[in-house]
Amino acid sequence: METNSNHEAQVAVLREELQEARNKAQKYAEEIEKLRQQYADDLFAERQLGKRLHEERHQLQLDYERLRVQKGGFGLKAMALSGFGGFFSALILCILYLLLRPKDDHTTTFTRFREANQFRYELAISEGRFEEVEKSLLQSQELPENKLIRPEIEFARKMVGAARRRCE
């Protein structure tokens, strides 16, 4: 008999555990349903917010277009006129500068001297006629038209003299 009552006690325990499991399953099912409903509500609210933001953006765009048409595009016209005005002013100033700029006499004098003598000097130096180049430089240094470039001629004369002493 003990085994029979033992079995009945075990069956009773199992029935209680089964009932507890059913209660827990019901509780979890209710919680899942609540979470699903909350997710659906959040998703709906998010869609409504997105829709409202889209409508506001569209309304702002329409308001901007109306304002732009109302103003007649003045900003673009003014910007274009200002750009063209600046361009033509700069063009006129550049032309005036090129026409009226002061000439650099030093550069002009040295360019003239270089063009007149450079080839002869290079040829004479390559042939070893250093004294001839030194004498020509000394004479050029004394000319009144070369007054502005005397330091450069003096420098060149000293360089030729140094080269001559090195070759001797």
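That block above? That's the structure.
All values reported here derive from a predicted model rather than from experimental measurement. (Residues numbered from 1 in each chain as written. Predicted model: local features only at pLDDT ≥ 70, side-chain atom pairs only at ≥ 80, totals over all residues. Heavy atoms only, no water.)

Caption draft 1: Structural detail: the overall build of the chain. Helix and strand counts for the chain stand at five helices and zero strands. Going residue by residue from the N terminus, the α and β elements of the chain occur as α-α-α-α-α. Seen through its principal axes, the chain has C-alpha atoms that stretch 145 × 65 × 20 Å. A fraction of 52% describes how many contacts in the chain between residues 6 or more apart in sequence connect residues 24 or more apart. For the chain, the computed accessible surface area is about 14,800 Å², with 61% contributed by carbon and sulfur atoms. Taken as two groups, the 28 positive and 28 negative side-chain charges of the chain have centres that lie 11 Å from each other. (Helix = DSSP H or I, 4+ residues; strand = E, 2+ residues; numbered from the N terminus. Contact = heavy atoms within 4.5 Å. Areas by Shrake-Rupley, 256 points an atom, 1.4 Å probe, with all protein chains shown as cover. Lys, Arg positive; Asp, Glu negative; His and termini not counted. Charge placed at Lys NZ, Arg CZ, Asp CG, Glu CD.)

Caption draft 2: Focus on the pattern of salt bridges. This model, assessed by the stated rule, comprises seven salt bridges. Linking D63 and R66 is a salt bridge whose minimum nitrogen-to-oxygen distance equals 2.9 Å. Taken together, the positions of D63 and R66, both in helix α1 (residues 2-71) and three residues apart, correspond to about one turn of that helix. Residues K158 and E154 are paired through a salt bridge, measuring 3.7 Å at the closest nitrogen-oxygen approach. Here E154 and K158 lie together in helix α5 (residues 150-167), a separation of four residues that amounts to about one turn. Residue class for K158 comes out exposed when judged on its relative accessible area of 51%. (Salt bridge = Lys/Arg side-chain N within 4 Å of Asp/Glu carboxyl O. Buried < 20%, exposed > 50% of the residue type's maximum accessible area, 1.4 Å probe, protein only.)

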